[in-house]
Amino acid sequence: MSAAAPLSKRERLAIARHDMPVREALVRIGGFEEVNLGFTEQVALAEAQRCLQCRVAPCVAGCPVGVDIPAFLGRLEDGDLAGAADVLLGGNALPAVTGRVCPQESQCEARCVLARKGQSVAIGHLERYVADWAREHRASPASGSASSESARPQRAPSGRRVAIVGSGPGGLTAAGELAGLGHEVTVFEALHVPGGVLVYGIPEFRLPNEIVAGEVARLEGLGVRFALNAVIGRTYTLDDLRAGFDAVFVAVGAGLPVFLDIPGEGLKGVYSANEYLTRVNLMQAYAFPEADTPVLQGRRVVVVGGGNVAVDAVRTARRLGAHEAILAYRRTRAEMPARAEEIRHAEEEGIRFEMLVAPISVHGDADRWVTGLKCRRMALGEPDDSGRHRPVPVAGSEHIIPCDTVVAAIGTRANPLLTATCPDLELGPWGNVVTDARGMTSLPGVFAGGDIVRGSATVILAMGDGKRAAHAIDDYLGCAGYDGRHGHDGDDWQEGSGHER
Ligand code: FAD
Ligand code: SF4
Ligand code: SF4
């Protein structure tokens, strides 16, 4: 514990924001190791001292799950790491994940008072520091593995059974909450590995898979069962689950890729980002033939899109050996929805940014292998519904970007695998599941949350839905007179929203 007198406001304001140490660009493009290396304890404590401990802290309102940021930073500054972890984990079940992937610059850090005249407190980096400390130093009584909620009391077994469909951040958070509330939880997952986008989408150089595996092990320690390779809508139906469980939480994400819909898209060498990233992240295609799954290791790769998925794909292409890894986006860098840090890291790694271009057709050779992507230049017009300037084509600006691989990363939408088998499940205009204010669908006892309700959104929003739904399910199981009113009607769903368009 620090015995020194508290710093004055002036002294706090005089401390400059600490940079995250990173693996050097030329070294990191040779592999998939994590780019950010993490703060040392000394740097973390010094960065925490920048917090002014605002009595009404606007940063908290910027966090979708309302983490008590000044409280965790105050304990961290005092060197009370266990106390800081307790505060953090009280509001956020996966801080080692969110500390790495939250778009902090548009959430908590955007609202920090220090951001008004300078640089915000590095809340995300400090969250990651405290979460990693907790993973390394805390043994979960249940699992013997690192605990993210060991301070939380467990309720006695309720005898009630809850099925969760999908093991992304929404499903995992709901599973942890429900197990803590004493319910018997089984998570059904279509893939052979749990974690959802956290393991098949987001590359290990941003979020190592072992962090998600640790969380899954902790949940197993709490008694959560994982039924893998179980596709609901095929292996079992939702009705099967309703018959065998007292409640169901559907968190199947929005993983169906949106394609470019241009001539030549069927040529050899064109991928959806979803397939490309899954081959590499989940199936370790970079190690082919030692791994079973191959991936084309293009020399000139063009990724179309401007969100996190596009930036992840183009940085992956670079790591697979592309001499030219090109990001083609129809707006400008200022409109790119990707996290600012990822864009900066991509630039450091030599990614070529082709801004204000839109694809028209994919070109190939006689054997149908890709040889180029024909694009048209765009200019920014009037703002559209999203408030961003609408890209408008520039006449006579067609040109070909030579390449051997094209990756489409322009968004995803709801996969109908589950929903198509449930005619009574109310869906919104984009095939999204419609829920009431507490997360219950049109089917009694069936709740839903995360991307399948919101459209492509964020990890922390899916987690918030999982937590809310878990408590609504607990209410539903405890009182027959559940009175959730229709509030969330899916109006805020936008096809491909959040990341790519
Ligand atoms: P998902 O994570 O999509 O998980 C759904 C799970 O359900 C999957 O495991 C799927 O296999 C399973 N499933 C689907 N259908 C069935 C079925 N019928 N039966 C059984 N299981 C099924 N967000 C951020 O906040 N920051 C980022 O930096 C960021 N980067 C991203 C990068 C990429 C490449 C992608 C694709 C997304 C990114 N996102 C990011 C978005 C974020 O990952 C999602 O918003 C979040 O994962 C949604 O969580 P979820 O629990 O709703 O669903
Ligand atoms: Fe910020 Fe995300 Fe942590 Fe909330 S969960 S405090 S938004 S980094
Ligand atoms: Fe600290 Fe910034 Fe939050 Fe104020 S707004 S409590 S300075 S992190």
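Owing to the predicted nature of the structure, the values given are computational and were not obtained by experimental measurement.

Notes on the overall build of the chain
Looking only at helices and strands, the chain features 20 helices and 16 strands. Over its C-alpha trace the chain gives a radius of gyration of 23 Å, about what one expects of a compact globule, namely 23 Å for 501 residues. Considering only C-alpha atoms, the chain reaches an extent of 65 × 60 × 50 Å along its principal axes. Counting the 501 residues in the chain, one finds 54% classified as buried. Residue pairs in contact within the chain that sit at least 24 positions apart in sequence constitute 70% of those at least 6 positions apart. Counting every atom, the chain has about 21000 Å² of accessible surface; 52% of that belongs to carbon and sulfur. Charge centroids of the chain, computed over 51 positive and 62 negative side chains, lie 4 Å from each other.

Details of the domain arrangement of the chain
Per the domain assignment, the segments of the chain are domain 1 (9–148), domain 2 (161–253 + 414–449 + 488–493) and domain 3 (259–410). Centre-to-centre separation of domain 2 and domain 3, based on C-alpha positions: 30 Å. At the junction of the two partners, domain 2 supplies 12 residues and domain 3 supplies 13 residues. Around 1000 Å² of area is buried between domain 2 and domain 3 when both sides are counted, 56% of it from carbon and sulfur atoms. The largest contributions to the domain 2 side of the interface with domain 3 come from Tyr200, Phe205 and Arg206, which together make up 56% of the buried area. Connecting domain 2 to domain 3 are two salt bridges. The closest approach of N and O atoms between Arg206 and Asp312, which form a salt bridge, is 2.8 Å. Among the residues making up the side of domain 2 that touches domain 3, the classes are represented as seven nonpolar, three polar and two charged.

Considering the pattern of salt bridges
Tallied over the full model, the rule gives 33 salt bridges. What emerges from the salt-bridge pattern is a single network uniting Arg28, Arg206, Asp312, Arg315, Arg319, Arg339, Glu341, Glu342, Glu348 and Glu349.

What to know about the sheet that holds strand S1 (residues 161–165)
Sheet strands pair via backbone hydrogen bonds, and the direction of the pair is either parallel or antiparallel. Read across the sheet, five strands follow the order S3-S2-S1-S4-S16 without closing on themselves; strand pairing throughout is parallel. Edge strands, defined here as strands with exactly one partner in the open sheet, are strand S3 (225–227) and strand S16 (446–448). Strand-to-strand, the axes of this sheet are offset by a mean angle of 20 degrees, without reference to chain direction. Here strand S2 (residues 184–188) pairs with S3 via three bridges, running parallel. In the sheet register, Phe188 faces S3, and the bridge partner there is Ala227.

Some words on the pairing of strand S14 (residues 405–408)
Burial along S14 is two-sided: Thr405 and Val407 and Val406 and Ala408, pointing in opposite directions, are all buried. The pairing of strand S6 (residues 270–272) with S14 spans three bridges and is parallel. Bridge pairing links Val270 to Val406 in S14. Note that strand S7 (residues 300–304) and S14 share four bridges and pair parallel.

Side note on the site of ligand 1
The local shell around ligand 1 holds 35 residues, among which Val101, Gly170, Glu189, Arg206 and Ile232 are the closest. One of the backbone N or O atoms of Val101 is found 2.7 Å from a nitrogen atom in ligand 1. Here an oxygen atom of ligand 1 sits 2.9 Å away from a polar atom, N or O, in the main chain of Asp451. About the coverage of ligand 1: the protein hides 94% of its 1000 Å² of free accessible area.

Description of the pairing of strand S11 (residues 370–383)
A regular strand places its side chains so that they alternate between the two faces of the sheet. Where strand S10 (residues 357–364) lies against S11, seven bridges are found, and the strand directions are antiparallel. Within the sheet, the bridge partner assigned to Ala358 lies in S11 and is Arg376. Taking the residues between adjacent antiparallel strands as the criterion, S10 and S11 are bridged by five residues, where Arg368 takes a positive phi near 70 degrees. In terms of strand pairing, S11 meets strand S12 (residues 389–393) through four bridges, oriented antiparallel. Within the sheet, the bridge partner assigned to Ala379 lies in S12 and is Val392.

Brief notes about unusual backbone geometry
The amide bond that connects Phe288 to the next residue, Pro289, takes the cis arrangement and shows omega of 10 degrees. Residue position: Pro289 is located in the loop between helix H15 (273–282) and S7. A positive phi is found at Asn229, a non-glycine position, where the angle reads about 55 degrees. The backbone of Gln284 shows a phi angle near 50 degrees, a positive value even though the residue is not glycine. Within the element layout of this structure, Gln284 appears in the loop between H15 and S7. On the accessibility criterion, Gln284 (32% relative accessible area) is partly exposed.

Regarding the site of ligand 2
Inspection of the region around ligand 2 gives Cys63, Pro64, Ile69, Asn92, Thr98, Cys102, Gln104, Gln107, Cys108, Glu127 and Ile460 as its neighbouring residues. When its residues are assigned to classes, the shell around ligand 2 shows six nonpolar, four polar and one charged.

Looking at the packing of aromatic side chains
Scanning all chains against the criterion turns up six aromatic pairs. Each ring, one from Phe32 and one from Tyr286, has its centre 4.7 Å from the other, and the planes form 20 degrees; the classification is stacked. Linking Phe32 in the loop between helix H2 (25–28) and helix H3 (41–48) with Tyr286 in the loop between H15 and S7, this pair joins segments that are 254 residues apart in sequence. Among the residues examined, Phe32 registers a relative accessible area of 15% and is labelled buried. Seen from their ring centres, Phe447 and Tyr476 are 5.8 Å apart, and the 75 degrees between their planes marks the pair as edge-to-face. Of this pair, Phe447 sits in strand S16 while Tyr476 is found in helix H20 (residues 459–478), placing the two residues 29 residues apart along the sequence. Here Tyr476 falls in the partly exposed class, since its relative accessible area comes to 23%. Chaining the aromatic ring pairs together yields one cluster made of Phe32, Phe205 and Tyr286. Arg161 extends its terminal NZ or CZ atom over the ring of Phe245, reaching a point 4.4 Å from the ring centre. Above the face of the Phe205 ring, Arg319 is positioned so that its terminal group lies 3.8 Å from the ring centre.

The rules behind the values
- Residues numbered from 1 in each chain as written.
- Chains lettered and ligands numbered in written order.
- Predicted model: local features only at pLDDT ≥ 70, side-chain atom pairs only at ≥ 80, totals over all residues.
- Heavy atoms only, no water.
- Helix = DSSP H or I, 4+ residues; strand = E, 2+ residues; numbered from the N terminus.
- Rg over C-alpha atoms; globule rule 2.2 N^0.38 Å.
- Buried < 20%, exposed > 50% of the residue type's maximum accessible area, 1.4 Å probe, protein only.
- Contact = heavy atoms within 4.5 Å.
- Areas by Shrake-Rupley, 256 points an atom, 1.4 Å probe, with all protein chains shown as cover.
- Lys, Arg positive; Asp, Glu negative; His and termini not counted.
- Charge placed at Lys NZ, Arg CZ, Asp CG, Glu CD.
- Domains from an automatic or database assignment.
- Buried area = accessible area lost by both parts, 1.4 Å probe.
- Salt bridge = Lys/Arg side-chain N within 4 Å of Asp/Glu carboxyl O.
- Nonpolar A, V, L, I, M, F, W, Y, C, P; charged D, E, K, R; others polar.
- Pairing = 2+ DSSP bridges.
- Axes fitted to C-alpha atoms, helices over the stretch in contact; angles between N-to-C directions.
- Near = heavy atom within 4 Å.
- Polar contact = N/O pair within 3.5 Å; in protein donor to acceptor, adjacent residues only side chain to side chain.
- Phe/Tyr/Trp six-rings, centres within 6.5 Å; stacked < 30°, edge-to-face > 60°.
- Lys NZ or Arg CZ within 6 Å of the ring centre and 35° of its normal.

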